[in-house]
Amino acid sequence: MAGSGTMGLKPKHQRLVLLAIALVVLIGAALLAIWALRNQASYFYVPSEIVAERPAPDRAVRLGGMVEKGSLRTEADGVTIAFVVGDGKARVPVRFSGIVPSLFVEGSGVVAEGKLGADGTFLADNLLAKHDEKYVPREMQNMTDEQARQVVAQTR
Amino acid sequence: MIAEFGLAALWLAAALAALQLIAGALALTPRGAALAGVVRPVAVVQGLLALAAFGALILVFAETDLSVKLVAMNSHSMKPLIFKIAGAWGNHEGSMLLWVTVMGMAGGFVALVEKRLPEPTMLATLAGQAFVSLGFYAFLLIASNPFERLSPAPPEGNGLNPLLQDLGLAFHPPTLYLGYVGLSVAFSFAIGALVTRQVGPAFARAMRPWVLAAWIFLTVGITAGSYWAYYELGWGGWWFWDPVENASLMPWLAATALLHSCGVLAARNALRAWTVMLGVVAFSMSMIGTFLVRSGILTSVHAFAVDPERGSFILALLAINIGGALTLFGLRAATVTEGERFRPVSREGALVLNNVMLSAILGIVLFGTLYPLLAEAMGAKVSVGPPYFNPMSAIFFVPMLVVLAVGPLLRWRRDTFARVRKRLALPLLAVLAGIAIVLAIGDVAVLPFLGLVLAAGLAVASVLPLRDRNLRRTPLPVWGMVLAHFGIAVALFGMASESAFSVEKLVAVRTGETTRVGPWAIRLMAVEPVAGPNWTALEAQMLARYQDGRGTELRPQSRSFWTPPQQTSESALLTRWNGQLYAVLGGEATDGRWQLRLWWKPFVPMIWLGGLLIALGGVLALAGRTASDIRRLVARDKIAYRRTRQGR
């Protein structure tokens, strides 16, 4: 740093130097944060969006929609499940290894956190289902795009 | 009756806060000097009335008075008494009442005991405290009345979120609130000092114990909250960078910076404007956290109020308080004279670096927490998680740790690296040994590697300030600093070890089968239904053996509550000196197998042990400072007494 000179500085100049250091570090932190957020923020997709504009394979994203009826299957290891998430327009196969939330059932809303694999299967490392059963209305079975978005907004 | 009594007490407290504000402000003018004597007693009574209102709320919850809307919405007659009481603050209205209670009590306490500052500064401080309180009283009485009646009373209540029905969590919010709201005192002191232009060592010495106390509660609250998330959510993690966690971390970061800059101002009369600024920022972070959590714009277990009216009310309070304080700062900062000078290589220099780094981490966390809101305003739904927070905060945390190791060894005002070089040989040796050990163990990712190695160096460096000291005569605050810094090394070691060496296993097994995770062999003996006061559960009985030693029983549960209907998983923990075994029972898989999720987490309890050591360091420092303050006061009184006698 400034070395021998600082003690010779007038108090006013020392204050300016300190202020400058603080500003440089804080602005640096802000720029770094903006850069990192553009790369690291996990974007939210509904099935029709993720099919139309595929995120990069190693990028963490979230996928929200309805678990299609009759699509849920447990694999032989007893802890991996496969199911299809749809929004009425597109369907995305999802695989998940772990303990599913209690309100995760076919025909209800879900948000999966994970990555889209190269083969188009979404590999989830976490599933979020809304805690309360009241949040899943019956009309959801034949929902429109707008309804799908509403469900998605509720389960997000 | 009790509810009406509580509401009346609340209105009276609000009226007294208004009186405190007006009397305090007028007493600062030459014509209102006669009002000066009113302010302190009013502050004390206001705090007691708020406490009475809070007591009334606890009473209606304890006896489950279902004609009170808040009780009907959030409680249930079948709940154990302790959770009925804790339910009083496990909801939006109750937690805001707790907020104003703590705020009123803190103001009253300051009014009662704080005699170190010139009286005008105290009057301005208490007026500032009343101003902030008044906003929150208005919020309670207008937008979230906790004592609202319900007619007719329902036959039964809705119950409390089962995740919150946990003994640790019952006392977690009050602890955190004591910290959040305790910082309001620092905020008011900053206002008082700005209004009366009395920024100096006396101001820092008066403010420091209050900041220290709030900081201790925050530290304990965050540590407890992290442990709660760890065992109650059943996800095996101890920090998720959830907005609510960030809301508690941000005031802690600001308070930590404030604590250290207070030290510089008290000892050396430097960093004057900066300390005042941090006093404003610390409580602003508490309020921003409250806004994020209480407005419902961020969804989470903690977000009780999904209500736009309340959200905008808190936002307005936020704008008035923070905007007002910053404006005052802008107007007065230029008249706060520059502090004493110091060289870059000095204790002050190290503390400046500590402050700047803490502020940078604070900025990183604040920005990451608000980013989803900004993005949503522009039409994109994003979430920000560990891939952003971990490396970004580490960039500033790592240099801060280096400064933390060196700084306490430096002298005030001016020093040279040559003088401390010899002393740093020992921590460097520890770092090198750490590098050798970790490399020998094998493949460890960059951040955990840095964490382990720096923890080793810091653990040694943190006790170095005790060298060449007579340990019996070492002042308590020095012990406190050493202990807190050592606690950071301990916690860091736990975090790094958890992240580097955890082993996870997810399997489906039949009863009687054995599975292995790390050094453990775990046999599933049986899965049976059990029942509690307001839940039923499936309970697994497992026999865990460490390196084929004697078996210990583990009983994780999958619980179903019926009011409200919800399932939680109660993990089972087995703690050894070198780590923790963590077991979660999942659902029933096909063909009679049960899903189990098991973790072996080496040295993970060090995280919370470290947190407690940090808080204990704070307690020692507070005890030492308070004792010497009291001694000084007593001595001053004696001198004054002798003078009056001699004068006669």
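Thresholds applied
Residues numbered from 1 in each chain as written. Chains lettered and ligands numbered in written order. Predicted model: local features only at pLDDT ≥ 70, side-chain atom pairs only at ≥ 80, totals over all residues. UniProt positions renumbered as here; feature names shortened; annotations may be inferred. Helix = DSSP H or I, 4+ residues; strand = E, 2+ residues; numbered from the N terminus. Buried ≥ 20, exposed ≤ 12 C-beta atoms within 10 Å, placed from the backbone. Contact = placed C-beta atoms within 7 Å. Nonpolar A, V, L, I, M, F, W, Y, C, P; charged D, E, K, R; others polar. Pairing = 2+ DSSP bridges. Domains from an automatic or database assignment. Expected span 1.5 Å × (residues − 1). Bend = angle between axes of the 7 residues up to and from the residue. pLDDT = per-residue confidence, 0-100. Core = buried A, V, L, I, M, F, W, Y, C linked by C-beta atoms within 7 Å. Axes fitted to C-alpha atoms, helices over the stretch in contact; angles between N-to-C directions. Parallel < 35°, antiparallel > 145°, perpendicular 65-115°, else oblique. Left-handed = near helix turned anticlockwise from the far one by under 90°.

The name given to chain B in an unreviewed UniProt entry is Heme lyase CcmF/NrfE family subunit, and the organism recorded there is Novosphingobium album. Per UniProt, the comment on chain B under Subcellular location (unreviewed entry) is "Cell inner membrane".

Visitor: Can you help me understand the overall build of chain A in this one?
Guide: Summing up its helical and strand segments, chain A has three helices and seven strands in all. In chain A, the order of α-helices and β-strands from amino to carboxyl end is α-β-α-β-β-β-β-β-β-α. Expressed as a percentage of the 156 residues in chain A, the buried residues total 32%. In chain A, the proportion of contacts linking residues at least 24 apart, taken out of those at least 6 apart, comes to 54%.

Visitor: Looking at this structure, I do not really get the overall build of chain B. What am I missing?
Guide: Secondary structure assignment for chain B yields 19 helices and 11 strands. In terms of overall dimensions, chain B has C-alpha extents of about 90 × 75 × 60 Å along its principal axes. Relative to its 648 residues, chain B shows a buried fraction of 52%. Long-range pairs, those at least 24 residues apart, make up 75% of the contacts in chain B with a sequence separation of at least 6.

Visitor: Would you explain the interface of chain A and chain B in this entry?
Guide: For an interface, size is often stated in terms of accessible area lost upon the parts coming together. Each partner contributes residues to the interface: chain A has 39 residues there, and chain B has 41 residues. Breaking the side of chain A that touches chain B down by element, the ones donating at least two residues are α1 (11-40) and β1 (42-45) of chain A. At 16 residues, α1(A) tops the list of elements feeding residues into the side of chain A that touches chain B. A per-class count over the side of chain A that touches chain B returns 23 nonpolar, 10 polar and six charged. Note: β1(A) against strand β1 (residues 382-383) of chain B, two bridges, orientation antiparallel. Considered in β1(B), the bridge of A:Y43 is made with B:V382.

Visitor: Just checking my understanding: could you explain the domain arrangement of chain B for this structure?
Guide: Residue and element names in this part refer to chain B. Domain annotation for chain B reports domain 1 (1-160) and domain 2 (503-602). For domain 1 and domain 2, the distance between their C-alpha centroids amounts to 44 Å. Residue composition of the side of domain 1 that touches domain 2, by class: two nonpolar, three polar and one charged.

Visitor: Can you help me understand the pairing of strand β4 (residues 80-86) of chain A in this one?
Guide: Residue and element names in this part refer to chain A. One ladder, built from two bridges, connects strand β2 (residues 61-67) with β4; its direction is antiparallel. When the sheet's bridge partners are listed, V67 is paired in β4 with V85. As paired strands, strand β3 (residues 73-74) and β4 are joined by two bridges and run antiparallel to one another. By the bridge assignment, R73 is partnered in β4 with A82. Between β4 and strand β5 (residues 91-97), which pair antiparallel and follow one another directly, the connecting turn spans four residues, one of which, G88, has a positive phi of 90°.

Visitor: When you look at helix α13 (residues 347-377) of chain B in this model, what are you seeing that I'm missing?
Guide: All names here are of chain B. Counted at 1.5 Å a residue, the expected span for α13 with its 31 residues is 45 Å, and the 44 Å between its end C-alpha atoms agrees. Taken as a whole, α13 carries its principal kink of about 40° at L370; the proline P372 stands between one and four residues after it. Burial of α13 is extensive: 25 of the 31 residues sit out of reach of the surface. Following α13 by one or two positions, G379 adopts a phi angle in the positive range, close to 95°.

Visitor: What's the story with the confidence of the model for chain A in this structure? I'm lost.
Guide: As a general rule, the predicted coordinates of low-pLDDT regions are not to be interpreted in detail. Residue and element names in this part refer to chain A. The predicted model of chain A has a mean per-residue pLDDT of 77, with 77% of residues at 70 or higher. Across chain A, element-level confidence peaks in β5 with a mean pLDDT of 93 and bottoms out in helix α3 (residues 145-155) with 52. Low pLDDT (under 50) marks residues 1-6, which in the prediction has six contacts with non-local residues, meaning those over four places away or in another chain. For the stretch residues 131-145, pLDDT sits under 50, and the model shows 20 contacts to residues farther than four places along the chain or on other chains.

Visitor: Just checking my understanding: could you explain the nonpolar core for this structure?
Guide: Soluble, globular proteins show a tendency: their nonpolar side chains are buried together. Residues and elements named next belong to chain B. Core analysis: the largest hydrophobic core is formed by 192 residues, its most contacted members being A186, V211, A254, A255 and L458. Per-element accounting of this core gives the leading share, 18 residues, to helix α9 (residues 201-232). Setting aside chain neighbours within four positions, we find A255 in contact with L183, V211, A214, W215, L218 and A282. Ranked by size, the runner-up nonpolar core spans 26 residues in total, among them V507, A540, A544 and V584.

Visitor: Would you mind showing me how to read the sheet that holds strand β11 (residues 594-602) of chain B here?
Guide: Pairing between sheet strands relies on hydrogen bonds along the backbone, with the strands arranged either parallel or antiparallel. Residue and element names in this part refer to chain B. Pairing in this open sheet of four strands is antiparallel, and the strands run β2-β11-β10-β9 from one edge to the other. One side of each edge strand has no neighbouring strand; the edge strands of this open sheet are β2 (503-509) and β9 (572-576). On average, each strand axis in the sheet is tilted by 15° relative to the strand beside it, whichever way the strands run.

Visitor: What should I look at first to understand the packing of helix α8 (residues 172-196) of chain B against α9(B) in this one?
Guide: When two helices pack together, their arrangement is given by the angle between their axes and by how far apart the axes lie. Residues and elements named next belong to chain B. At a minimum axis separation of 8 Å, α8 and α9 run at an interaxial angle of 155°. What the angle tells us is that α8 and α9 run roughly antiparallel. The hand of the α8/α9 crossing is left-handed. Partitioning the contact of α8 with α9 into residue classes produces 20 nonpolar, six polar and no charged.

Visitor: How do you make sense of the packing of helix α2 (residues 36-62) of chain B against helix α6 (residues 119-143) of chain B when you look at a structure like this?
Guide: Residue and element names in this part refer to chain B. Here α2 crosses α6 at 45°, and the two axes come no closer than 10 Å. Between α2 and α6, the crossing angle belongs to the class labelled oblique. The element α2 and its partner α6 pack so that their crossing is left-handed. On the side of α2, the interface is formed by A36, V39 and A43, while α6 contributes E119, L123 and L126. Each residue belonging to the contact of α2 with α6 can be placed in one class, and the counts come to five nonpolar, no polar and one charged.

Visitor: Please clarify how the environment of A:V105 should be interpreted in this entry.
Guide: All names here are of chain A. Positionally, V105 belongs in the loop between β5 and β6 (109-116). V105 gets classed as partly exposed once you count the C-beta atoms within 10 Å, which come to 15. In this structure, the C-alpha to C-alpha distance between V105 and L127, residues 22 residues apart in sequence, is 12 Å.

Visitor: Can you walk me through the pairing of β9(B) in this structure?
Guide: Along any regular strand, the residues point their side chains to alternate faces of the sheet. Residue and element names in this part refer to chain B. Of the strand pairs in this sheet, β9 and strand β10 (residues 579-588) are connected by five bridges, and their pairing is antiparallel. Counterpart to R576 in the pairing with β10 is G579. The loop that links β9 with its antiparallel partner β10 comprises two residues.

Visitor: What exactly am I supposed to notice about unusual backbone geometry here?
Guide: A negative phi angle is the norm for most residues apart from glycine, just as the trans form is the norm for most peptide bonds. All names here are of chain B. The omega angle of the peptide bond from S151 to P152 is -5°, so this bond is cis rather than trans. Position of P152 among the secondary structure elements: in the loop between α6 and α7 (167-170). We note that W241 has phi near 55°; this positive angle belongs to a residue other than glycine. Accessibility expressed as a C-beta count within 10 Å gives 20 for W241, which makes it buried.

Visitor: Is there a simple way to explain the environment of B:L26 in this structure?
Guide: All names here are of chain B. Looking at the secondary structure, you find L26 in helix α1 (residues 2-27). Between the alpha carbons of L26 and A127 there is a distance of 9.7 Å; along the sequence they are 101 residues apart. With sequence-adjacent residues up to four places away left out, L26 is seen in contact with G32 and L35.

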